[in-house]
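Listed below are the residues making up each chain.
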Amino acid sequence: ALEPVSVGLAIGVASALTGFLSHPSFYCSYVECCPSAGRRLNATALKMKLDAKLFGQHLAKDVVLKAVMGFSNNPSPKKPLTLSLHGWAGTGKNFLSQILAEHVHSAGLRSKFVHLFLATLHFPHHDQLKTYKEQLQNWIRGNVSACPHSVFIFDEMDKMHPGLIDAIKPFLDYYEQIDGVSYRKAIFIFLSNAGGDLINKAALDFWTSGKQREEIQLKDLEHMLSVGAFNNKNSGLWHSSLIERNLIDYFIPFLPLEQKHVKMCIRAEMTARGYAVNEQVVQAVADEMTFFPREEKIYSDKGCKTVQAKLDVHEDG
């Protein structure tokens, strides 16, 4: 028979070991945990990453950095942070949302607390709109219950069925709680090509008038984008209560990229592949891109979207 002292000692050791293994600092080093309530984002690291990876988007970098850090440093926000990113494909909307996700949850898009919705993949059938609304509400409710700092990214908003996104309106509003769940620490990001033509025209007007693109301010474009999205049946936000209730905090324009920005993308891609930057290759890839307007050839019509594919052809060069 075991001595009582031996039994007590074994129980004590087991209890201590269990306590150590279950301690957050140990447990969360092996299993992804939701960030603690008091954790703040690293503004310096986020700025450095945006400066190094996002080219030609002074407005987007400045607005997102200030908005995200202000939200992160607020111990009691009144509502979730909601951003709507607009611009043509290849201008950096997805890239910025990925960078932001990585700074909230280190695993980025692989994190179980970051949720990416693609309109054409997750909500393809218009006749199932009611079902999609219920699924979307249940998904957001369940995930915010598990982690208040959840990030939700809605890509292809311009392909979203009209009225679908309004299903999440209660979660974006100024409610302290809904059925015992607070959504105030979550982040919602919408990505859309809608408004790209308006942004491009405004950028071209600035260029024509002899102004630098860096002179374009948010106030020059934001109202135009919100009104345009509200009145555009193909924006995903057509007559949306999210706009009517002013629940989208910022409409952020992504400007068309000039050739110098495309070259930055090419150099960054070469560096990411472990190549030495070859300026002849950089120029050759840039020369294969198409630009508009046809005569002036100022802006890339695909941004940096095709850089990777075009660089593949020059790998042996």
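Residues numbered from 1 in each chain as written. Predicted model: local features only at pLDDT ≥ 70, side-chain atom pairs only at ≥ 80, totals over all residues. Heavy atoms only, no water.

So, the UniProt feature "binding site: ATP" (unreviewed entry) in the protein
So, step 1. Residues given the UniProt feature "binding site: ATP" (unreviewed entry) here are Gly 87, Trp 88, Ala 89, Gly 90, Thr 91, Gly 92, Lys 93 and Asn 94.
So, step 2. Following the sequence through the fold, Trp 88 ends up in the loop between strand E1 (81-86) and helix H5 (93-104).
So, step 3. We classify Trp 88 as partly exposed; its relative accessible area is 26%.
So, step 4. Ignoring anything within four residues of it in the chain, the contact list for Trp 88 reads Lys 93, Asn 193, Gly 196, Asp 197, Asn 200, Phe 292 and Asp 301.
So, step 5. Position of Asn 94 among the secondary structure elements: in helix H5. (UniProt positions renumbered as here; feature names shortened; annotations may be inferred. Helix = DSSP H or I, 4+ residues; strand = E, 2+ residues; numbered from the N terminus. Buried < 20%, exposed > 50% of the residue type's maximum accessible area, 1.4 Å probe, protein only. Contact = heavy atoms within 4.5 Å.)

Details of the pattern of salt bridges
So, step 1. A full pass over the atoms with the stated rule returns 14 salt bridges.
So, step 2. Ionic pairing is found between Asp 51 and Lys 61, a salt bridge with its closest N-O pair at 3.4 Å. Remark: Lys 61 occurs in helix H4 (residues 58-73) and Asp 51 occurs in helix H3 (residues 43-53); sequence separation between them is ten residues.
So, step 3. Among the salt bridges present, the one from Glu 269 reaches Arg 273, with a minimum N-O distance of 2.7 Å.
So, step 4. Relative accessible area serves as the criterion here: at 16%, Glu 269 is assigned to the buried category. (Salt bridge = Lys/Arg side-chain N within 4 Å of Asp/Glu carboxyl O.)

Some thoughts on the sheet that holds strand E4 (residues 187-192)
So, step 1. Across the sheet, which stays open at both edges, the five strands sit in the order E2-E3-E4-E1-E5 with parallel pairing between neighbours. Each edge of the sheet is formed by a strand with only one pairing partner; in this case those strands are strand E2 (114-118) and strand E5 (250-253). Across the sheet, the mean angle from the axis of one strand to that of its neighbour is 15°, orientation sign disregarded.
So, step 2. In this sheet, E4 lies alongside E1 in parallel orientation, the contact comprising six bridges. Across the sheet, residue Leu 81 finds its bridge partner in E4, namely Ile 187. (Pairing = 2+ DSSP bridges. Axes fitted to C-alpha atoms, helices over the stretch in contact; angles between N-to-C directions.)

Re the packing of aromatic side chains
So, step 1. Overall, the coordinates contain eight aromatic pairs when judged by the stated rule.
So, step 2. Consider the rings of Phe 292 and Tyr 299, whose centres lie 5.7 Å apart with planes at 50°: the pair is tilted.
So, step 3. An aromatic cluster of at least three residues, connected via ring pairs, comprises Phe 117, Phe 123, Tyr 132, Phe 154 and Phe 190.
So, step 4. Seen from the ring of Phe 206, Lys 211 lies directly overhead, with NZ or CZ sitting 5.0 Å from the centre. (Phe/Tyr/Trp six-rings, centres within 6.5 Å; stacked < 30°, edge-to-face > 60°. Lys NZ or Arg CZ within 6 Å of the ring centre and 35° of its normal.)

Overview of the UniProt feature "domain: Torsin-1A C-terminal" (unreviewed entry) in the protein
So, step 1. Feature annotation in UniProt assigns "domain: Torsin-1A C-terminal" (unreviewed entry) to the following positions: residues 257-312.
So, step 2. What you have in residues 257-312 is 52% helix and 7% strand, and the ends, taken at the C-alpha atoms, are 21 Å apart.

Here's the deal with the packing of H3 against H5
So, step 1. Here H3 crosses H5 at 155°, and the two axes come no closer than 11 Å. With respect to their mutual orientation, H3 and H5 come out roughly antiparallel. Crossing angle aside, the handedness with which H3 passes H5 is right-handed. Taken together, the residues of H5 that come into contact with H3 (itself represented by Ala 45, Leu 46, Lys 49, Leu 50 and Lys 53) are Phe 95, Leu 96, Ile 99, Glu 102 and His 103.
So, step 2. Residues of the contact of H3 with H5, tallied by class, amount to six nonpolar, one polar and three charged. (Parallel < 35°, antiparallel > 145°, perpendicular 65-115°, else oblique. Left-handed = near helix turned anticlockwise from the far one by under 90°. Nonpolar A, V, L, I, M, F, W, Y, C, P; charged D, E, K, R; others polar.)

Things to note about the domain arrangement of the protein
So, step 1. Here the protein is partitioned into domain 1 (43-254) and domain 2 (257-316).
So, step 2. Between the C-alpha centres of domain 1 and domain 2 there is a distance of 27 Å.
So, step 3. With twelve residues of domain 1 in contact, the opposing surface of domain 2 contributes 16 residues.
So, step 4. Taken over both partners, the interface formed by domain 1 and domain 2 buries close to 1200 Å², and the fraction arising from carbon and sulfur atoms is 70%.
So, step 5. Among the residues domain 1 hides against domain 2, the three largest losses belong to Phe 55, Trp 207 and Arg 213. Together they make up 43% of the total.
So, step 6. Where domain 1 packs against domain 2, one counts one salt bridge. (Domains from an automatic or database assignment. Buried area = accessible area lost by both parts, 1.4 Å probe.)

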